[in-house]
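Structure assessment
Given next are the chains, with one letter for each unit.
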Amino acid sequence: MSLPGVLERIQQACRRAGRNPQEVCLVAVTKGHSVAEIRERVLAFGDYPLGESRIQEALPKMAELAAQWHFIGPLQRNKAKFAVRFDLIHSIDSLRLAEAVARKATEAGKQQRVLLELNLGREPQKHGFLEEELPEAMAQIQALPGLRVEGLMTVAPYSSDPQAVRPIFAQLSRLADRYQLPERSMGMSGDFEVAIEEGATLVRVGQALFQPD
Ligand SMILES: *Cc1c(COP(=O)(O)O)cnc(C)c1O
């Protein structure tokens, strides 16, 4: 698989779901790949936003590649000053982290676009708010200056059958609707088509872009 093959599968999933492919943005997850590989496997096909999950790994790549950068991994509060260099942070998973990012964004004179991460599979090893924590967290985070909450994100539990996680994606969409938030970041190499059928607006695809055909 390579990027054009992934785009084709995105379009087919949109067709099945009666959705406009323009509503679904491919975020190319580039963790573990060099600048040269990113140029060859992603940027050669267009200006896709690039997703990274570790600040230390992302910073040197950001210095070399002009792109829209998305932060998708667990974020420590003491890295907030670097996180505000990203166009979109998908992984706000606590009020204290949101406050730290809001502070750094305000210092930088920026409105930081963020998504709140949900742990809908309730997996102890995963990050994100539990569903019942969302109402209070949403109210508190939306009140912070310097942040703009644009949507929700989730990493579905691992399953060899992507259909098994459909209810998780449907739940994320329902919650985004409830808060009238436009962005739903869900779906990875193994399950992005099901995520699109359930309303994903941002799919975070890594492995599938970098495999030889
Ligand atoms: C690595 C990663 C992805 C991409 O996963 P693939 O299986 O490589 O497509 C998506 N989201 C997050 C949060 C990741 O860390």
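Up top is the structure.
The model shown is predicted, which means the values in this text are computed figures rather than measured ones.

1. Notes on the overall build of the protein
Per the secondary structure count, the protein includes nine helices and eight strands. Here the protein has a C-alpha radius of gyration of 16 Å; the compact-globule value for 213 residues is 17 Å, and the two agree. Considering only C-alpha atoms, the protein reaches an extent of 45 × 40 × 30 Å along its principal axes. Burial status across the protein gives 51% buried among its 213 residues. Residue pairs at least 24 apart in sequence account for 58% of intrachain contacts in the protein once pairs closer than 6 positions are excluded. In the protein, which carries 26 positive and 27 negative side-chain charges, the distance between the mean positions of the two groups comes to 4 Å.

2. Focus on the site of the ligand
Around the ligand sit V29, K31, I72, V155, M188, S189, R204, V205, G206 and Q207, and that is every residue in its neighbourhood. Side-chain polar atom of S189 to an oxygen atom of the ligand: 2.5 Å apart, as the coordinates give it. Here an oxygen atom of the ligand and a backbone polar atom of G206 are 2.8 Å apart. Relative to its unbound accessible surface of 390 Å², the ligand loses 86% to contact with the protein.

3. Side note on the environment of K79
When you line up the elements, K79 lands in the loop between β3 (69–71) and α4 (80–83). A residue is classified by how much of its surface remains accessible, and K79, at 17% relative accessible area, is buried. If we ignore the near neighbours within four places in the chain, the residues touching K79 are I55 and Q56.

4. Focus on the pattern of salt bridges
A full pass over the atoms with the stated rule returns 13 salt bridges. As a salt-bridge pair, E193 and R9 come within 2.9 Å of each other at their nearest N and O atoms. Separated by 184 residues along the polypeptide, E193 in helix α8 (residues 192–197) and R9 in helix α1 (residues 3–17) bring together distant segments of the chain. Overall, the relative accessible area of 21% leaves E193 in the partly exposed class. Taking the shortest distance from any N to any O, the salt bridge between R16 and E197 comes out at 2.8 Å. Of this pair, R16 sits in helix α1 while E197 sits in helix α8, and the two are 181 residues apart along the sequence. A relative accessible area of 51% places R16 in the exposed class. Connected through shared salt-bridge partners, R16, R166, E197 and E198 make up one network.

Definitions and limits used
Residues numbered from 1 in each chain as written. Predicted model: local features only at pLDDT ≥ 70, side-chain atom pairs only at ≥ 80, totals over all residues. Heavy atoms only, no water. Helix = DSSP H or I, 4+ residues; strand = E, 2+ residues; numbered from the N terminus. Rg over C-alpha atoms; globule rule 2.2 N^0.38 Å. Buried < 20%, exposed > 50% of the residue type's maximum accessible area, 1.4 Å probe, protein only. Contact = heavy atoms within 4.5 Å. Lys, Arg positive; Asp, Glu negative; His and termini not counted. Charge placed at Lys NZ, Arg CZ, Asp CG, Glu CD. Near = heavy atom within 4 Å. Polar contact = N/O pair within 3.5 Å; in protein donor to acceptor, adjacent residues only side chain to side chain. Areas by Shrake-Rupley, 256 points an atom, 1.4 Å probe, with all protein chains shown as cover. Salt bridge = Lys/Arg side-chain N within 4 Å of Asp/Glu carboxyl O.

Such coordinate-based values are descriptive only and should not be taken to indicate function.
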